[in-house]
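Chain residues, written in single-letter form:
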Amino acid sequence: MTRALVTGVGAITPIGLTASEFWENLVAGVSGVGLTTRFDTTDMPVKISAEVKDFEPGRYMDGKGARRMSRFAQFAVAAAQLAADDAGLVLAESERRRAASAIATGSGGAIDTMEEILILKERGPSRVSPFYVPTMAPNMGACQVSMHLGLRGPALASVAACASGLYSYLEAKQLIDSGRCDVVLAGGTEAALHPLPIAALANMKALSRRNDEPARASRPFDRDRDGFVFGEGAAVMVIESEARAKARGARIYAELAGGGLSCDAYHITAPLEDGSGAQDAMSEALAASGLQPEDVDYIAAHGTGTPLNDAAETRAIKLAFGAHASKLAISSPKSMVGHLIGGAGAIGALAAVLAIHHDLVPPTINLETPDPECDLDYTPLKARKMTVRAAAANGFGFGGQNGSVIFRKYRP
C-alpha cells in the first residue's frame, strides 16, 4: 500500500502566523483569547474571541486576488503557501494533475453573506458585489489554494461543522492510497467572527462569558468551564506519497496512518452522552491505521470547554481505548486558540503531528480544578516531554458528525 507522509506544515492562528510560531506558543501555554476588536461588542453578552492578529494577505498572495477572496479563503491560501514553502514543494507541469487540495470549512464566506445583505437592504441591488457568489462559496478555500499553487487534481471541500478539518485528511489519505494523487494540500479554515453567530451561540448558552478574564475563558475539562470561545484561523499540511517524498529527500514530520468517521444520529447540537458515536470514529481510526490502543501515546482532543462535550469525549476515549485510556496524554489546543469550527480539526491534527515530531505534548491551560466526570490525563497547565509514537486528533460537530485521524512516527 502507498503510504501518506506529512512533509510540510503551515498555520494562520490566534497564537501565531506560522506553524513554528503556533507550536512555540502552544507548548508555552500562551492564550490567543482577548476582547473582540473586529466589531463593536457593546450590546453583546459575549465580548471575547480568539482573533487572528496582524494578518496581511499581501504577504502570501497578490493584492487583487486577495480582494476577491473571503477571509476564510485568504487564511487557507496563506496556510497552504506556508506549508508548501516548508515542504520545499516544487511541482513540474507533468505532476500538477496528480496534486490536489482538500480544504474543509464550516461556514465558508458566511461573513460576506451577512455584509452583502446589509448592502442590498441599505444601498440597493446595484451595489451588491458581482464577486459575492464566488467569494462566499465554501468550496472557494480549496479552489483558491489550487489556483494559487497550480494544483490540477481534485479540489475537495468538506463541510462537516466542527469535524470538517479532519475530513480533509481522510480525503488526502484516500487520494494517495488509491494512487490518484501524489501530493495533497489538506487542512481546514474558518473566519466567521461576526455579531450574528456570536449572538446565536451566546443565546444557545454555548459560549463562555468570562469577559473580564479572556485568557482564562477557554477551560476544557475544568469543573468551572462555561462554554467555548469562538475563534478563527487555518492549518494546512502537505501530504505526500512515500515514493515521491523519498525520491526528493523530503523532511518527514509523520505518517498519516488512517482515520474514522461516524454520526451520532441523535441531536442537532448535543453529543450522545455515553460517547458511543465518537467512540465509533476513534475505533475505526485505530482499525484503519492498523494500530492497537496501546500504540497511541497522545490525543489532541476536541475538548471545547462545554459541559456536555468534554464529559462525552471522556467517555468516548474510555470506550475506544479501554484500559489504555488512563495511560494516554490528552490535551485541548482550544484552551489557547479557541474553537475554529471548520478549522478546529486541522489545528488538532497539526498539534498531533508536531507532538510526534518534537516528542512533546502541549498542555491544556486553565485546567485548574478537574471535573470528576473528566478523569483522564489532560496534561494540565504545562507541556510534557515524552516519546510520542502515534497521536490522534478528534473532532465532533453539530449534527453529530464525528471524525478521528491518527498520525504516527514514520519508519521506512
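Residues numbered from 1 in each chain as written. Predicted model: local features only at pLDDT ≥ 70, side-chain atom pairs only at ≥ 80, totals over all residues. Heavy atoms only, no water.

**Remarks on the sheet that holds strand E14 (residues 401–408)**
Heads up, the condition is: Strands pair, by our definition, only if DSSP identifies at least two bridges between them. In this description a helix means any DSSP run of H or I spanning at least four residues, a strand means any run of E spanning at least two, and both kinds are numbered starting from the N terminus. Residues are treated as being in contact if the distance between any of their heavy atoms lies within 4.5 Å. Every axis corresponds to a line fitted to the C-alpha atoms, with the helix fit spanning only the stretch in contact, and the corresponding angles, defined between N-to-C directions, vary from 0 to 180 degrees.
The mixed open sheet is built from ten strands, whose spatial order is E5-E4-E6-E7-E1-E8-E14-E13-E9-E10. The sheet is open, and its two edges are formed by strand E5 (155–156) and strand E10 (329–331), each paired on a single side. In terms of strand pairing, strand E4 (residues 99–105) meets strand E6 (residues 183–190) through seven bridges, oriented parallel. For Ala104, the partnering residue across the bridge sits in E6 and is Gly188. In the packing of helix H10 (residues 276–289) onto the sheet, contacts are made with strand E8 (254–263), strand E13 (390–397) and E14, and the angle to E8 comes to roughly 145°.

**Focus on the nonpolar core**
The line we're drawing: In this description, a nonpolar core means a group of buried Ala, Val, Leu, Ile, Met, Phe, Trp, Tyr and Cys residues linked to one another through side-chain atoms lying within 4.5 Å. Each residue is placed in one exposure class: buried if its accessible area under a 1.4 Å probe, protein chains only, is under 20% of its type's maximum, exposed if it is over 50%, and partly exposed if it falls in between.
Judged by nonpolar contacts, the single largest core of 52 residues is most densely connected at Tyr169, Val184, Met237, Ile239, Leu350 and Phe407. Other than its neighbours up to four places away in sequence, Val184 contacts Ala100, Ser101, Ala102, Ala172, Leu175, Ile176, Met237, Val238 and Ile239. Counting 36 residues, the second-largest nonpolar core is a separate cluster that includes Ile12, Met61, Ala79 and Ala142.

**Some details on the pattern of salt bridges**
Our working rule: Salt bridge, as used here: a side-chain nitrogen of Lys or Arg that lies within 4 Å of a carboxyl oxygen of Asp or Glu.
A complete count under the given rule lists 26 salt bridges for this structure. Among the salt bridges present, the one from Arg3 reaches Glu242, with a minimum N-O distance of 3.5 Å. A residue pair is termed long-range when its members are at least 10 positions apart, and Arg3 in the segment before strand E1 (4–12) and Glu242 in helix H9 (residues 242–247) qualify at 239 residues. Residue classification places Glu242 among the buried positions, given a relative accessible area of 16%. Between Arg38 and Glu232 there is a salt bridge, with its nearest N and O atoms 3.1 Å apart. You can see Arg38 sitting in the loop between strand E2 (34–35) and strand E3 (48–49) and its partner Glu232 sitting in the loop between helix H8 (195–203) and strand E7 (233–241), a full 194 residues away along the chain. Classification of Glu232 as buried rests on a relative accessible area of 0%.

**Considerations on the pairing of E7**
Judged by how many residues are buried, E7 sits mostly within the fold: nine of nine residues are covered. Of the two faces of E7, both are covered, the one formed by Gly233, Ala235, Met237, Ile239 and Ser241 as well as the one formed by Ala234, Val236, Val238 and Glu240. Relative to E7, E1 runs antiparallel, the two being bridged by eight bridges. In the strand pairing of E7, Ala11 is matched with Ala235. Bridge count for E6 against E7 is eight bridges, and the pairing is antiparallel. Residue pairing across strands places Glu190 opposite Gly233, the latter belonging to E7.

**Points about the packing of helix H1 (residues 19–28) against helix H13 (residues 344–358)**
Helices that pack against each other are described as a pair by the angle of their axes relative to one another and the distance between those axes. What counts here: By definition in this entry, angles of less than 35 degrees are roughly parallel, angles greater than 145 are roughly antiparallel, angles of 65 to 115 are roughly perpendicular, and the rest are oblique. Residue polarity follows a fixed list, in which Ala, Val, Leu, Ile, Met, Phe, Trp, Tyr, Cys and Pro are nonpolar, Asp, Glu, Lys and Arg are charged, and the others, Gly among them, are polar.
Two numbers describe how H1 lies on H13: the axes approach to 11 Å, and their chain directions differ by 80°. With respect to H13, the element H1 is oriented roughly perpendicular. Of H13, the residues touching H1 (which contributes Ala19, Phe22, Trp23 and Leu26) are Ile347, Leu350, Ala351, Leu354, Ala355 and His358. Partitioning the contact of H1 with H13 into residue classes produces nine nonpolar, one polar and no charged.

**Side note on unusual backbone geometry**
Negative phi characterises most residues that are not glycine, and trans characterises most peptide bonds. The phi dihedral of Asp54 is positive, around 65°, even though this residue is not glycine. A relative accessible area of 65% means that Asp54 is categorised as exposed. Although it is not a glycine, Ala161 adopts a positive phi angle of roughly 50°. Topologically, Ala161 is positioned in the loop between E5 and helix H7 (164–177).

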